[in-house]
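# Chains, contacts and geometry: an overview
Now for the letters of each chain:
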Amino acid sequence: MFARACLFVSALLLGLGASTWADDAPDPKGKPTYKPGAGKYAVWYDDAGWHFRATASKDGQVFTGKIATVDGGFSQMKTYSTMAGGKSNEPAPKWMDIKSKEFNVKFTLKKGSESGFDLKLNGEATGIKFLDLQIDGQAATKSILIGSKGANPAEETFEFPAKPGKK
């Protein structure tokens, strides 16, 4: 009887651990410190919403993955792009209305350039997922900086609540 109870509690704990947002997950609040040209991803959340950047350390570096919502969807997106040296190659982008639950990411960048998105989620969204983030076809966990502490996720697929810090 005791063994069955332990097995049940273990299964319950494993199930809870695999659910949405672990207590030991990196804190996504605040922009991480990084230099354009670092060959990294940066993911953070602030009052303006979610931010996602990729910056290349060599010409032709390829960044791939997917960004999706948990429940709900995205409501607005603003693109971000700079060339090496921090010069934007476009006029200041404006927020665009979007109605999507997910989209694929694929950037092929020049050394020192940076591309990405600023994202807002609709009111029904309970979370945001970053799936299979890779650089040049390789797992990128050590090259993903999350929040102001620049923490790395445990895997190249991770998720956060739609509004971190709010319960």
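Residues numbered from 1 in each chain as written. Predicted model: local features only at pLDDT ≥ 70, side-chain atom pairs only at ≥ 80, totals over all residues. Heavy atoms only, no water.

## A short note on the environment of leucine 133
Note that leucine 133 resides in strand 8 (residues 127-135). Residue class for leucine 133 comes out buried when judged on its relative accessible area of 0%. The spacing of leucine 133 and serine 143 is ten residues in sequence and 9.6 Å in space, taken between C-alpha atoms. For leucine 133, the contacting residues outside a window of four places in its chain are Tyr41, Phe52, Thr64, Gly65, Lys66, Gln138, Ala139, Ala140, Ile144, Glu156 and Phe158. (Helix = DSSP H or I, 4+ residues; strand = E, 2+ residues; numbered from the N terminus. Buried < 20%, exposed > 50% of the residue type's maximum accessible area, 1.4 Å probe, protein only. Contact = heavy atoms within 4.5 Å.)

## Quick look at the packing of aromatic side chains
The relation between two aromatic rings is expressed through the spacing of the ring centres and the mutual angle of the planes. For the structure on display, the rule yields twelve aromatic pairs. Between the aromatic rings of tyrosine 41 and phenylalanine 63, the centroid separation amounts to 5.3 Å while the plane-to-plane angle is 85°, which identifies the pairing as edge-to-face. Separated by 22 residues along the polypeptide, tyrosine 41 in strand 1 (residues 40-46) and phenylalanine 63 in strand 3 (residues 61-70) bring together distant segments of the chain. One aromatic cluster in this structure is built from Tyr41, Tyr45, Trp50, Phe52, Phe63, Phe74, Phe103, Phe107, Phe117, Phe130, Phe158 and Phe160. Between arginine 53 and the ring centre of tyrosine 80, over which it is positioned, the NZ or CZ distance is 4.0 Å. In this arrangement the basic side chain of lysine 120 is found over the ring face of tryptophan 95, its NZ or CZ atom lying 4.4 Å from the centre. (Phe/Tyr/Trp six-rings, centres within 6.5 Å; stacked < 30°, edge-to-face > 60°. Lys NZ or Arg CZ within 6 Å of the ring centre and 35° of its normal.)

## Describing the sheet that holds strand 7 (residues 114-121)
One open sheet accounts for six strands, arranged 5-4-7-2-1-10; its pairing is mixed. The open sheet has two free edges, formed respectively by strand 5 (96-100) and strand 10 (144-146), since each of these has just one partner strand. In this sheet, neighbouring strand axes are inclined to one another by 25° on average, regardless of whether the strands run parallel or antiparallel. Note that strand 1 and strand 10 share three bridges and pair parallel. Within strand 10, the residue paired with alanine 42 across the bridge is leucine 145. (Pairing = 2+ DSSP bridges. Axes fitted to C-alpha atoms, helices over the stretch in contact; angles between N-to-C directions.)

Keep in mind these numbers describe shape, not what the thing actually does.
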